[in-house]
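Here is how the chains run, residue by residue.
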Amino acid sequence: MSRIGKKPVPIPAKVQVNIDGTEVTVKGPKGQLFHKFPADVTIAQEEGVVVVTRPSDLPKHRALHGMTRALIANMVSGVSEGFERVLEIEGVGYRAEMDGKTLVLYLGYSHPIRVEPPADVEFAAEERGRLIRIRGIDKQVVGELAAEIRKMRPPEPYKGKGVRYQGERIRRKAGKTGKA
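What you see is a predicted model; the values in this text were computed from it and never measured.

Turning next to the pattern of salt bridges. Evaluation of the coordinates by the stated rule reveals ten salt bridges. As a salt-bridge pair, Asp 40 and Lys 60 come within 3.1 Å of each other at their nearest N and O atoms. With Asp 40 in the loop between strand E4 (31-36) and strand E5 (42-46) and Lys 60 in helix H2 (residues 59-80), this pair connects stretches of sequence that are 20 residues apart. When salt bridges that share partners are traced, they join Glu 84, Glu 122, Glu 126, Arg 133 and Arg 135 into one network.

Encoded structure:
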């Protein structure tokens, strides 16, 4: 039995959930999210919680059960609290700054890289351009955007220069040794 799928999703007082068959719309103080789920799982709202059930114990249904419940929980959490990813920039001359809502990255290339935020996502550059905060209501969009920014200059193993997630540990390599 799916341990995650069995748990009901609590709905905070300021969040409104509308279920229309397999389509779920979640409205909250930070915005609105919509998702269409597979018809194999049943989604119901009961006394302030959302319950997800599956028709059988087939591996496909077991996988959909837990995933559907987790996506609904992320939608509820996103419209009530939001999600945030923090990136750190390490390296001489590497920095980030804001130009209106656009994030401008200087990562050692011959040109600055401009990143436009999608809808419901906002950037913030802090600590003299060494930290980038990505905030939004959709966990997938925030995580994907953070991964794309990290991919522009991933941390290298010799000096550790590049863009990394906050708290990420980079395995360092020893450089070449001098003449013996």
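Moving on from the coordinates now.
Let us look at the sheet that holds E5. Taken together, the three strands give an open sheet; going across it, the order is E1-E6-E5, and neighbouring strands pair in antiparallel fashion. Pairing within the sheet leaves two strands with one partner each, and these edge strands are strand E1 (9-10) and E5. Where E5 and strand E6 (residues 49-53) come together, five bridges link them in antiparallel fashion. Each bridged residue has a counterpart across the sheet, and for Glu 46 the counterpart in E6 is Val 49. Sheet strands in contact with H2 are E1, E5 and E6, and its direction is about 160° off that of E6.

A word on the packing of aromatic side chains. As enumerated under the stated definition, the model contains zero aromatic pairs in all. In this structure, Arg 95 packs its charged tip against the face of Tyr 106, placed 4.1 Å from the ring centre. Lying across the ring of Tyr 109, Arg 153 places its NZ or CZ 4.2 Å from the centre.

Reading the values: rules and limits
Residue indices begin from 1 for each chain and proceed along its sequence in written order. Only residues with pLDDT of at least 70 get local features here, since the model is predicted, and only at 80 or more are side-chain atom pairs given and counted; chain-wide, interface and lining totals rely on the full set of residues. Hydrogens and waters are ignored; side-chain quantities use all the structure's heavy atoms. Basic side-chain nitrogens of Lys or Arg form a salt bridge, by our definition, when they fall within 4 Å of a carboxyl oxygen of Asp or Glu. Numbering goes from the N terminus for both helices and strands, where a helix is a DSSP run of H or I of at least four residues and a strand is a run of E of at least two. Strands are labelled as partners when DSSP assigns at least two bridges between them. We call two residues contacting when some pair of their heavy atoms lies within 4.5 Å. Between N-to-C directions, angles span 0 to 180 degrees; the directions come from axes that are lines fitted to C-alpha atoms, helices contributing only their stretch in contact. Pairing of aromatic rings covers Phe, Tyr and Trp, the last through its six-membered ring, and needs centres within 6.5 Å; plane angles under 30 degrees mean stacked, over 60 mean edge-to-face, and all others mean tilted. Two conditions define a charge sitting above a ring: the NZ of Lys or the CZ of Arg must be within 6 Å of the ring centre, and it must be within 35 degrees of the ring normal.

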